[in-house]
Amino acid sequence: MSTNREISRREFVVTAATVGGGLALGLSFPKSDVLRAAEIAKLSGRPWESLAGRNDIEVGPWVVIAPDDTVTIRVGQSEMGQGVITSCAKMLVEELECDWSKVRAEYVSVNRHFRENKVYKRLNTTSSSSVRLGRPYLQQAGASARERLMAAAAQTWGVPRAELTVKDGVITHKLTGRTLRYGQVAEKAAAIKLPAEPKIKTPDQYTLMKKPTKLLDTPLKVDGSATYGIDVRVPGMLYAAANASPVFKGKVKSYDADSVKRRPGVHSVVEFSGEEIEAGVAVVADSYWHARTALDAMPIEWDEGTHGNDTSEEFFKSSRATLDEPGAKVVTMKGDPEGVLKNASQVVEAVYEVPYLDHTVMEPFNCTAQVTADRVDIWVGSQDPENATIDAAKVAGFPVEKIYLHNCFLGGGFGRRGNQDDVRQAVAIAKQLGGRPVKVIWSREETTRHGYYRPMRVSRFRASLGPDGMPLAWHTRVVGMDEAVFASKLVAAEGGLVSNTRASKNGEPGDEQLIRGLHKLPYFVPNQLFDYHLRNTHVPTGPWTSVGRSQNEFFLETFVDELAHAAGRDPYLYRRALLETNAEFPFAKAWTEVLGAAAEQSDWGRKLPAGTGMGIAIGDSRRLSRTEITIIGVVATVTVSKKGEVRVERMDVAVDTGPFLVNPLAAERQVEMQVTMGLAAALRQEITIEKGRVVQSNFDDYPLLRATEMPEISVHWVRATDDPIAGIGEEAVGWVAPAVCNAIFAATGKRIRSLPLKNHDLSWS
Amino acid sequence: MLSLKVNRKTYSVDVEPETPLLWVIRDTIGLTGTKFSCGKALCGACTVHVNGKPVRSCVLPASLAAGQEITTIEGLSPNAQHPAQIAWREADVPECGYCQSGQIMAAAALLANKPNPTDADIEREITNLCRCGTYLRIRQAIHRAAQIAAKA
C-alpha cells in the first residue's frame, strides 16, 4: 500500500505552489532550507503536509516506513506547546521498536478520518486526554505494525516468528545471524493480516517512555518556519478583517459599505451570521492591513438586543443574592449539616468570588477558508479538527467528506481553540467570495472581546468546628454558570469539550464543571451539604485550562485554610489530619504523600522574615465521570511589601506521576506553564462586562505575567499512585491561586476571598 | 513604492508609507516567522532588527524602515545557527512557540550589544511576553548562547 493517498488536482496545485513555488510567492528561504529545517525538526513546518516519499509504505494508518528505515508517525492531536506530537509518537514507537533518531511526525489527514469511518479514533486535544485516552490505541498501532513487520521477516526467511528479535528497527534471526531492516520488509508487512492483535506493554515494560525527550517541533519554532494558522498563504488568497457584534448575541443593523469600497485594496464587504456564529461584518481586501483599516473606518450600527445594559457588577450582585434563594440542587447530603450548623457555637462563614477570564492565546484568532463548487479547504490551528470539520460542513452545506481541514501549529490553545467559532465564521465569509480563499484575522481586541470565557462564580462556605477544631458540619453553596452555553451543541464524545448542561449520567448529576472538585469532600466532615444554583448570562463561556478547578479549588482550599486558622492549627498539618481521618476517601494516603512532598521540598514551617509567608493547597483532577486522577500539591512562598506589592518568590509543585510520565521534560514545562497561567490570573486578570460587552481589549488592560514576575518554580515528581494519571496538560492551575492567597494571609493577615489580587489593598504595617 | 532591504535582499513594495512594517514583511514579502499578536507594541512577538536594533514592527511605519537593514528571524543566521537559536534548541525553550521568533530576535540584539548579559540585563532588555511562561528557560538559553558565542 503506497502512502500517496489520492490527491485531488487542486490539492496538488496548492501544495506544489506553496512548497515548490516558494520563491514566486516571495518566501525568502529557498526550498532546500525548508527541507533542511524539516530534516532537523523531523516534521514539516506545515505539519499537515506529509514528508513521506513516493516509495514509503504505510503499515497501518499511523505508521509509514521509508526504504531507508525512516519512520513517519501520524499524530491526531494538536500541537500547542504541550509536546503532544512527540508524546504521541513516543507512545507508538515504544511498541514499534524502531530507532527514535529516525522517527519523524506529521498530522493525520482529517479528511481521511471522515472518509474511513473515523480511522484515527479521536481528533481532539482537550481535557488533558492525549495520553490518557490515546495511549491504548497508539501502543496497539505500534505493536500491530511491529508484528506485521516481524511476520514479513519470518515469511521471507521461512522461520517461525518466535525465533526473531527486534531492536531499533533491525530484525534478527539469532540462530542464523541474519538481519533484515524495517525498510526492507515494510512492503511485505503492509499486505499481512495478523490472526490476532498482539498484547501491548504494561508500564513496567516501558523503555523509551519515561525518558525525557526533546520535542520534535522545537527546531521549527526557533527559525520561523513553524506555520501557525495565521501564517498560511494560499495562492489567490484574500484577507479579511472581521468585527462581530460587540454586545454578545446582538445583530448587525446597518453598515456603510460604500464608504470603504474605494479604499486601496478593498475587494468587498460581507456580512455573516448563523447558528452559533456571532453576527458581524468583514471587510475583504488584498492585505490584512487594507482590510483592517477599512473595517475600522466603516460605520457599523448594531442591534444590541436585550443585553446592551448588562454588567458583570450586576451579575455578581444577583449571584450573591441567589446564594440565599431556595431550591438549590443538592449534590451531596450527609448527616444533618443544617441542624448541626444551627446549634453550633462557632461557625466559620465566607463568600468567595472569581471573575470571568479570557484564554489570551498569543496567536490572535484566525482561519483561512476556501469554498468552491466541490469542496471546502480550511487552514486553522484547531484543538478539535473533527468538530471543526463537522461545523464547516454544516455552514457550507457540504458533506463532511468534502471538507479538507489542514491543521496548523497553535499559538496557544488553553481550551479556547476547541470552540470552532473561528471556522464557522471563516466559512460563512468564504462562501460569499466565489471560490476564492480568504484568511480571516481578528485583531487582538476582537480576540479579547469575543472569547469563550472562564465563567465567573460565587460561592458561600459555612462550617462549624468541634472542640478539637475539626469541622463537624459543612455547607458549600455555589452559584455559577454553565461553561459551554454558546457551544452546548458541539459536545464531543468523552475527551471532547464537555458541556455541563448534559443530564445526569451514571447516577451523577449534570453540570459537572460547576461542581467539579466540590462534589466529594476529600476531608473528613461528618455532616455535609453541597448544593448549587445554575445561573447563565449572555456572555459566552467555555472550558479554560483546568476547567472548573480554577474557581472551585480557590474556594475550597482557601476555606480549609480559614478553618485551620480558626482552629489555631498549622494549615498543612490540619489538612493532613482531615485526610487521615477520612476513611471514605480512597486517595487520602496518596494525597497525604503528595502534600508531604510539597511541604518537605518547600521547607514548610521555616522561619520567615516579616512580610513573607507560605501558603499550601492540594487537590486532584477527579471528575465525576472518570476514575483517573492527577494529584497536585502546591506551596507558594510570597512576599508582600508594606505598600502591598506582591512578589511570588517561589512555587513548589509536587505532582503524582503514577507509574510513568510519557515525557518528563514536556510534563515539567507543562507545570511551569500552569503556574504562570494561574499566577497571571490570580494577580491581575479579570474580564468585566459593561453595556453588555467586554471592557478589556489588549495586554495593557488584560496583562500577562512578565518575565520579571516569574517565581522560582520547583517541580517535584512523586509516585503516590499505581494507576496511570489523568493527565498533565492543565492540572496544576487550580491550586496556584489558593496557595498564593493563603501565603498572603500568612504574610499580612489579610484574607483574600475574591480575585484578582489587584483589586485588594494588601498594605500592612 | 518603497524599497525595503530585508535579510540582505532588496524588495520593491507597493504599500502605503504608513503601513506597519510587520504587515509588509508578512503579507507583501511573505516572511511569516515574524508574528502579529497585539498590534500596539505591547508584547514583542513582532520584533525584528532594524540596523541591528530590536524594533516592534507592528507599530513602525514601513516608510521609516526604507533603506535600513532589516533582519527577521528567517535571516538571523544561515541554517538557524545563531548562538541564541542553538541555545534555544538545547534548552528546548518553546512551548506553543508563537512568541519565540520575537524572543530570539530580542535576545540576539541583547547579545550583540552585551556579549555576557547578567540576569538584570536580561530582565531589563527582554520585555517580550510569553503566555506559556517559558521565561525561565529563555533566561537559561540566553546565558547559554553567551557561552556558545564566546567559544565560537
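Located above this text is the structure these notes cover.
Residues numbered from 1 in each chain as written. Chains lettered and ligands numbered in written order. Predicted model: local features only at pLDDT ≥ 70, side-chain atom pairs only at ≥ 80, totals over all residues.

Draft legend 1. Molecular detail of the overall build of chain A. A tally of regular secondary structure across chain A gives 19 helices and 27 strands. The globule rule puts the C-alpha radius of gyration for 765 residues at 27 Å, and the 28 Å found for chain A is close to it. Principal-axis analysis of the C-alpha atoms places the extent of chain A at approximately 80 × 80 × 50 Å. Considering chain A as a whole, with its 765 residues, one finds that 58% of them fall into the buried category. Once local pairs closer than 6 in sequence are excluded, the contacts in chain A between residues at least 24 apart make up 79%. (Helix = DSSP H or I, 4+ residues; strand = E, 2+ residues; numbered from the N terminus. Rg over C-alpha atoms; globule rule 2.2 N^0.38 Å. Buried ≥ 20, exposed ≤ 12 C-beta atoms within 10 Å, placed from the backbone. Contact = placed C-beta atoms within 7 Å.)

Draft legend 2. Just the overall build of chain B, in detail. Of the regular secondary structure elements, chain B holds six helices and five strands. In sequence order, chain B lays out its α and β elements as β-β-α-β-β-α-β-α-α-α-α. Its C-alpha radius of gyration of 15 Å places chain B within 12% of the 15 Å reference for a compact globule of 152 residues. Projected onto the principal axes, the alpha-carbon positions of chain B cover approximately 45 × 30 × 25 Å. In chain B, which comprises 152 residues, the proportion classed as buried is 62%. For chain B, the share of sequence-separated contacts (at least 6 apart) that also reach a separation of at least 24 residues comes to 61%.

Draft legend 3. Highlighting the pairing of strand β16 (residues 376–380) of chain A. Residues and elements named next belong to chain A. Among the five residues that make up β16, five are buried, leaving the element largely enclosed by the rest of the structure. Neither face of β16 is left uncovered, since the one carrying V376, I378 and V380 and the one carrying D377 and W379 both have all their residues buried. Sheet topology note: the strand β15 (residues 366–371)/β16 ladder contains four bridges and is antiparallel. Paired with A369 across the strands is I378, a residue of β16. Linkage of β15 to β16, two consecutive antiparallel strands, is achieved through a turn of four residues. When β16 meets strand β17 (residues 403–407), the two strands line up parallel, connected through five bridges. Across the sheet, I378 pairs through a bridge with L405, a residue of β17. Since β16 and β17 lie parallel, the crossover through helix α11 (residues 385–396) that links them has a hand, and here it is right-handed. (Pairing = 2+ DSSP bridges. Right-handed = clockwise from strand over helix to strand, strands pointing away.)

Draft legend 4. Spotlight on the sheet that holds β17(A). Residue and element names in this part refer to chain A. In spatial order, the strands read β10-β11-β8-β18-β15-β16-β17; together these seven strands make up an open sheet with mixed pairing. For this open sheet the edge positions go to β10 (266–274) and β17, each flanked by a neighbour on one side alone. For this sheet, the mean inter-axis angle between neighbouring strands, taken without regard to orientation, is 20°. Bridge analysis of β15 against strand β18 (residues 438–441) gives four bridges, and the strand direction is antiparallel. Across the sheet, residue T368 finds its bridge partner in β18, namely K439. Across the sheet, helix α12 (residues 421–430) lies against β8 (238–244), β10, β11 (277–285), β15, β16 and β18, angled at about 40° from β15, the strand it touches most. (Axes fitted to C-alpha atoms, helices over the stretch in contact; angles between N-to-C directions.)

Draft legend 5. Seen up close, the interface of chain A and chain B. The interface of chain A with chain B comprises 56 residues on the first partner and 48 residues on the second. Those elements that place two or more of their residues in the side of chain A that touches chain B are α2 (31–41), α8 (288–297) and α18 (664–683) of chain A. Of the residues contributing to the side of chain A that touches chain B, the split by class is 30 nonpolar, 14 polar and 12 charged. (Nonpolar A, V, L, I, M, F, W, Y, C, P; charged D, E, K, R; others polar.)

Draft legend 6. A look at the environment of B:Y135. Counting through the fold element by element, B:Y135 comes out in helix α6 (residues 135–151). A C-alpha to C-alpha distance of 12 Å links B:Y135 and B:W88, two positions 47 residues apart in sequence. Non-local contacts of B:Y135, meaning those with residues more than four positions away in its chain, are made with A:A707, A:M710 and B:C130.

Draft legend 7. The sheet that holds strand β13 (residues 329–334) of chain A, seen in detail. Residue and element names in this part refer to chain A. Ordered by their spatial adjacency, five strands build an open sheet running β13-β21-β20-β19-β14, and the pairing between neighbours is mixed. In this open sheet, the two edge strands, each paired with only one partner strand, are β13 and β14 (347–354). Averaged over all pairs of adjacent strands, the angle between their axes in this sheet comes to 10°, without regard to strand direction. Looking at chain direction, strand β20 (residues 471–480) and strand β21 (residues 527–534) are connected through eight bridges and run parallel. Paired with T476 across the strands is F530, a residue of β21. In the packing of helix α9 (residues 312–322) onto the sheet, contacts are made with β14, β19 (457–465), β20 and β21, and the angle to β19 comes to roughly 35°. Strands β14, β19 and β20 of the sheet are contacted by helix α15 (residues 549–566), whose axis makes an angle of about 150° with β14.

Draft legend 8. Structural view of the environment of A:Y532. All names here are of chain A. Here Y532 lies in strand β21. As a C-alpha pair, Y532 and K329 span 203 residues in sequence and 5.3 Å in three-dimensional space. Sequence-distant contacts of Y532, that is, excluding residues within four places in its chain, are made with A328, K329, V331, R477, V478, V479, G480, L514 and I515.

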